[in-house]
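Now for the letters of each chain:
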Amino acid sequence: MKYQSTRGGMAPQPFSDILLEGLAPDGGLTVPVALPTITPDQLDSWRDHSYAELAFEILQLFITDVPAQDLRSLVQAAYDPANFTHPDIVPVKPLEEGLMLLGLSQGPTLAFKDIAMQFLGQVFEYVLSRRATTLNILGATSGDTGSAAEYALRGKKGVQVFMLSPKGRMSAFQRAQMYSLQDDNIHNLAIEGVFDDCQDIVKTLAGDLQFKEAYHLGAVNSINWARIAAQIVYYFWGWLRSTQQSSQSVSFAVPTGNFGNILAGHLARRMGLPIHRLVLATNENNVLEEFFRTGVYRPRQADHTHATSSPSMDISRASNFERFVFDLLGQDGDRVGAAWAQLARDGMLDLSEDQARLCTEFGFVAGASSHADRLATIRQLYQATGIIIDPHTADGVHVARDYVEDGIPMIVLETALPAKFAEVVQEAIGIEAPVPAHLKDLSNLPQKVVNLPGDAQRVADYIRQHAAI
Ligand SMILES: *Cc1c(COP(=O)(O)O)cnc(C)c1O
């Protein structure tokens, strides 16, 4: 299996060579040269697999330059029940007539990003050690992604993590989650300023090519291909747990921000998984809902991004979207390159000629929720079933209900547990979301954090002193 760029300007490379890179050299994103396909018989033969066994079957199709027995150990370590609060790793739970929840949030930070990050942590350590090299992860976080990366990379050899966060601007729970990690390779840097200031510092340092090379700087953002590949697994898992035979199809509803999660569903469908609809759900930041409705993609500026009650979806420029457009434009790198040039020039991309194909050929439909919709969904579901969901999952449930069809299970991806967004849950139902037992004492643990001014040079100095070289 080799990987190419969506813009056609990169010689095909194996998995281990693209793993640690960000964008392809031509500015595009890496995608498989040919997507593997799965037969109905293969699908049925996986029904008794554990999550780790299924993950191995699927990931070995994408990772052909790691010996199979090594890959099997990495996958087993990532999806060890000890890392998750449910023995199934990803439980599938009935919600109401026709609707189910895919429980992706049983990992260490209570959100779906843990599923892919746990595998990423294993495979990073493995590839770095085989190549006798090191990596210094530099990132900025306003809460979520940063903590999933830290929990996945804590204690891993050859990796140091430098995570910038805006001082005093995260919730007490988020602070406790990140700052209580005592591992030597985890560096929490609380910066004077807001999230954008942290992001600017990361851009400055990663843009200094000499510094970047000398200190082996890397990132774990949502365009990382290993994360996408690991996410494909749970679409197969959700289908296996809710069907009896390979002729049955299901639909998935996905709370969406950067288009990483639902892209994995799109790839699973192209591999042959019987997916009827991919329901894309956004909040008030509905750039992608607008695209799937009209065929016009119009990203917005940061100052036109609303701060909502489903903050992990407050995104107005979807970093993985180019990988879908690559398929829409017939996997023609020249056409994708031209489309992104048009986007840069005009601030929008008009693919309305292809709008009908989005549903007929690719199975996509879309909808958006408002703050009031999410509160009403959380409240109604709690009153009817006693189940509490978080505001991101509520966005998925709200939109999914418009697309339920007879005889086709609709599986909503649970992207976070309610305890993570306790204030919104409190506003909706007037009670506190239950905190998992092992996190009850989190806020009493000692915290490790370094305070720094919002100055890129001070952050660079810190990295020089602590980097893995
Ligand atoms: C990251 C995140 C999302 C959005 O996922 P994308 O892959 O960016 O589309 C949705 N919900 C939660 C809770 C998240 O953390």
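Undergrad: Can you explain the pattern of salt bridges? Please cite residues and give values.
TA: Overall, the coordinates contain 15 salt bridges when judged by the stated rule. Put simply, Glu284 and Arg374 hold a salt bridge, and the shortest N to O gap is 3.0 Å. With Glu284 in the loop between β10 (275-282) and α12 (287-294) and Arg374 in helix α16 (residues 371-385), this pair connects stretches of sequence that are 90 residues apart. Accessibility expressed as a relative area gives 27% for Glu284, which makes it partly exposed. Classification of Arg374 by relative accessible area gives buried; the value is 1%. With a shortest N-O distance of 3.9 Å, Glu290 and Arg300 are connected by a salt bridge. Of this pair, Glu290 sits in helix α12 while Arg300 sits in the loop between β11 (296-297) and α13 (321-328), and the two are 10 residues apart along the sequence. Using a relative accessible area of 19% as the deciding quantity, one classes Glu290 as buried.

Undergrad: Describe in detail the sheet that holds strand β7 (residues 186-191), supporting the description with residues and values.
TA: Within a sheet, adjacent strands bond to each other through the backbone by hydrogen bonds, running parallel or antiparallel. In space, the 5 strands of this open sheet follow the order β8-β5-β6-β7-β15, with parallel pairing throughout. The sheet is open, and its two edges are formed by β8 (217-218) and β15 (450-452), each paired on a single side. For strand β6 (residues 159-166) and β7, the ladder comprises 6 bridges, and the chain directions are parallel. Bridging across to β7, Phe162 finds its partner in His187. Where helix α8 (residues 195-207) meets the sheet, it contacts β5 (135-140), β6, β7 and β8, and its direction lies at approximately 145° from that of β5.

Undergrad: Would you mind going over the sheet that holds strand β3 (residues 92-96) in detail, with residue names and values included?
TA: Strands sit in the order β3-β4-β14-β9-β10-β13 across an open sheet of 6 strands; the sheet is mixed. A strand with exactly one partner marks an edge of an open sheet, and here the two such strands are β3 and β13 (364-368). Neighbouring strand axes in the sheet, compared pairwise and without regard to direction, differ in orientation by 25° on average. In this structure, strand β4 (residues 99-103) lies alongside strand β14 (residues 410-414), joined through 5 bridges in parallel fashion. Note on β14: the bridge partner recorded for Leu102 is Leu413.

Undergrad: Residues and numbers for unusual backbone geometry, please.
TA: Look at Ile89: it is not a glycine, yet its phi comes out positive at around 70°. Here Ile89 is to be found in the loop between α4 (68-78) and β3. Unusually for a residue other than glycine, Phe259 sits at a positive phi of about 70°. Within the secondary structure, Phe259 is located in the loop between β9 (250-255) and α11 (260-270).

The rules we used
- Residues numbered from 1 in each chain as written.
- Predicted model: local features only at pLDDT ≥ 70, side-chain atom pairs only at ≥ 80, totals over all residues.
- Heavy atoms only, no water.
- Salt bridge = Lys/Arg side-chain N within 4 Å of Asp/Glu carboxyl O.
- Helix = DSSP H or I, 4+ residues; strand = E, 2+ residues; numbered from the N terminus.
- Buried < 20%, exposed > 50% of the residue type's maximum accessible area, 1.4 Å probe, protein only.
- Pairing = 2+ DSSP bridges.
- Contact = heavy atoms within 4.5 Å.
- Axes fitted to C-alpha atoms, helices over the stretch in contact; angles between N-to-C directions.

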